[in-house]
Amino acid sequence: MDSARASIEELKIKITQANLPEDVSEKLLNLLGFSGSGAELSSLTTYINFVLSLPFGKYSQDILDINRSKQILDKNHYGLQSVKNRILEYLSVLILHKQTGQENDFHAPILAFIGLIGTGKTSLAYSIAESLGRPLVRIPFGGLGDPATLRGASRIRPDSEPGQIIKAVQGAKVSNPVILLDEIDRVAVEQKVDIMGVLVELLDPAQNQAFVDHYLDFPYDLSQVLFIATANNTGNIATAVLDRLEPIVMPSYSDEEKFIIGKDYLLPKAVKEAGLSDNVIS
């Protein structure tokens, strides 16, 4: 019992010293007024430590340099000029609003790269994150069959755990990461309606500022997260989700372009990853 009391007091100190919103701090302190078993205390300790690890009020400083963004896009991607131009327009508007102090009134459109496998959809998202200097977390949707994977499972359930969205924010250590929703058209058919419902809430600026993960059981502000989506096609995406996306169709590469990509982009990367110097192979 003394050990349990000591653990509770230690948690109370952590909560009061953490930079938490007042309502969250009050909620956690109220939970510590319980009288339960050791297993319940262990579960509660896990929950509180997870909440304490969330980056409340922490934001990465954006790099507002459109010329640098252009250099990164050209460095990482061959061709795709129309796509890169649209991304630069997108970043220019984002930068302009930040420089004029209007970022809180601006809701960036959700870019959705649509195209076949291998056309560069995912790598473009990484380039956008690199341009802004934000961490990127990828959430794969291929075969996703349970909306709780995104929204979390309530702590009253034995398999309770946070959802992938809140885990992404925790892993990024800032509240404004780039979150890549990869292949959103490939969710399991039987759960498509529920999963698309979660996506609508995520991508809607009026709703995502108070996103409720069932494990957390309190709203978390995702309004500063930069969401980017990819899909092979739009046929399996709900209309309500499409309405919140700006689809950008990825062009196919010609054989000549594929040769240049392999020679100038993929081969140097493979050589570097293999630990070889440039003059070892020909």
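Small disclaimer: the values here were computed from a predicted structure and weren't measured.

### Looking at the packing of aromatic side chains
The relative placement of two aromatic rings is captured by the distance of their centres and the angle of their planes.
Thought 1: Evaluation of the coordinates by the stated rule reveals four aromatic pairs.
Thought 2: An aromatic cluster is built from Tyr-47, Phe-50 and Tyr-215, whose rings are joined through pairwise contacts.
Thought 3: Taking NZ or CZ as reference, Arg-155 lies 4.0 Å from the ring centre of Tyr-47, over its face.

### Here we look at the side chain of Glu-201
Thought 1: Looking at the element boundaries, Glu-201 is found in helix H9 (residues 192-203).
Thought 2: With near-sequence residues (within four places) excluded, Glu-201 lies in contact with Arg-151, Gln-207, Asn-208, Ala-210, Phe-211 and Val-212.

### Focus: the pattern of salt bridges
Thought 1: Evaluation of the coordinates by the stated rule reveals 15 salt bridges.
Thought 2: In this structure, the salt-bridge partner of Asp-217 is Lys-27, at a minimum N-O distance of 3.6 Å. In this pair, Asp-217 sits in the loop between strand S4 (211-212) and strand S5 (219-220) while Lys-27 sits in helix H2 (residues 22-31), placing the two residues 190 residues apart along the sequence.
Thought 3: Since its relative accessible area comes to 49%, Asp-217 is described here as partly exposed.
Thought 4: In this structure Lys-27 comes out as partly exposed when scored by relative accessible area, which is 22%.
Thought 5: For Lys-70, the salt bridge is made with Asp-74, and the minimal N-O distance between the two is 2.9 Å. Of this pair, Lys-70 and Asp-74 both sit in helix H4 (residues 66-76), four residues apart, which is roughly one turn of that helix.
Thought 6: Given a relative accessible area of 29%, Asp-74 falls into the partly exposed group.
Thought 7: Within the structure, one salt-bridge network assembled from shared partners comprises Asp-62, Lys-98 and Arg-134.

Quick notes on the rules
- Residues numbered from 1 in each chain as written.
- Predicted model: local features only at pLDDT ≥ 70, side-chain atom pairs only at ≥ 80, totals over all residues.
- Heavy atoms only, no water.
- Phe/Tyr/Trp six-rings, centres within 6.5 Å; stacked < 30°, edge-to-face > 60°.
- Lys NZ or Arg CZ within 6 Å of the ring centre and 35° of its normal.
- Helix = DSSP H or I, 4+ residues; strand = E, 2+ residues; numbered from the N terminus.
- Contact = heavy atoms within 4.5 Å.
- Salt bridge = Lys/Arg side-chain N within 4 Å of Asp/Glu carboxyl O.
- Buried < 20%, exposed > 50% of the residue type's maximum accessible area, 1.4 Å probe, protein only.

Taken by themselves, the reported measurements are silent on function.
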